[in-house]
Amino acid sequence: GASSHATFQDLVIHHTNRTGFAASTASAVYTDLTVRRVEIYDTGRDTSECFVFGCTSNRCQVHDSTIELNYCHDIVDTMTNYGVGIVVNTGSYST
């Protein structure tokens, strides 16, 4: 579901086999999130993404949020040679 006025700080996320951190539930609106000094690595072969904010086709939004000083590494899927650090999808703003 949606979140607002939430802080995620000084975390290490690894070996998830999916996206490390996602604010992307359909129909949700996420407001005033702070994601600071979060390290993500080894997200596995499913998506090879560290952070996803918002949904494709504007199905959910993240706005008025702070994303800073994060560290994303070792996420590339060796089978597809694909890996993405931070995704901010259409409809999200002021992040």
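As a reminder, the structure under discussion sits directly above these lines.
Small disclaimer: the values here were computed from a predicted structure and weren't measured.

A. Geometry of the state of the cysteines. Per the counting criterion, the structure on display carries two disulfides. Across the disulfide, Cys 50 is cross-linked to Cys 72 (sulfur-sulfur distance 1.8 Å). Sign of the S-S torsion, about 80° for the bond between Cys 50 and Cys 72, identifies this disulfide as right-handed. Residue Cys 50 is found in strand β4 (residues 49-53), and its partner Cys 72 is found in strand β7 (residues 71-73); the two are separated by 22 residues along the sequence. The partner cysteine of Cys 55 in its disulfide is Cys 60, sulfur to sulfur 2.0 Å. Of note, the bridge from Cys 55 to Cys 60 carries an S-S torsion of about 95° and is right-handed in sense. For Cys 55, a relative accessible area of 3% puts it in the buried group. For Cys 60, a relative accessible area of 0% corresponds to the buried category.

B. Region of the structure containing the pairing of strand β3 (residues 29-41). One ladder, built from nine bridges, connects strand β1 (residues 4-14) with β3; its direction is parallel. Across the sheet, the residue bridging to Val 12 is Glu 39, located in β3. For β3 and strand β5 (residues 61-63), the ladder comprises three bridges, and the chain directions are parallel. The residue of β5 that forms the bridge with Tyr 30 is Val 62. Note that β3 and strand β6 (residues 66-68) share three bridges and pair parallel. Looking at the pairing, Arg 36 lines up with Glu 68 of β6. Sheet topology note: the β3/β7 ladder contains three bridges and is parallel. Residue Tyr 41 lies in a different strand from β7, and its bridge partner there is His 73.

About the criteria used
- Position numbers for residues start from 1 in each chain and track the written sequence from start to end.
- The model is predicted, so local features are restricted to residues of pLDDT at least 70 and side-chain atom pairs to those at 80 or more, both for listing and for counting; the totals for chains, interfaces and linings are taken over all residues.
- Only hydrogens and water are removed before side-chain values are computed, so all heavy atoms of the structure are retained for them.
- Cysteine sulfur atoms that pair up within 2.5 Å are treated as a disulfide.
- Only runs of H or I of at least four residues qualify as helices and only runs of E of at least two qualify as strands under DSSP, and these elements are numbered from the N terminus.
- Under the scheme applied here, a residue whose accessible area is under 20% of the maximum for its type counts as buried, over 50% as exposed, and between as partly exposed, the area being computed with a 1.4 Å probe on protein chains only.
- Strands were regarded as paired on the criterion that DSSP finds at least two bridges between them.

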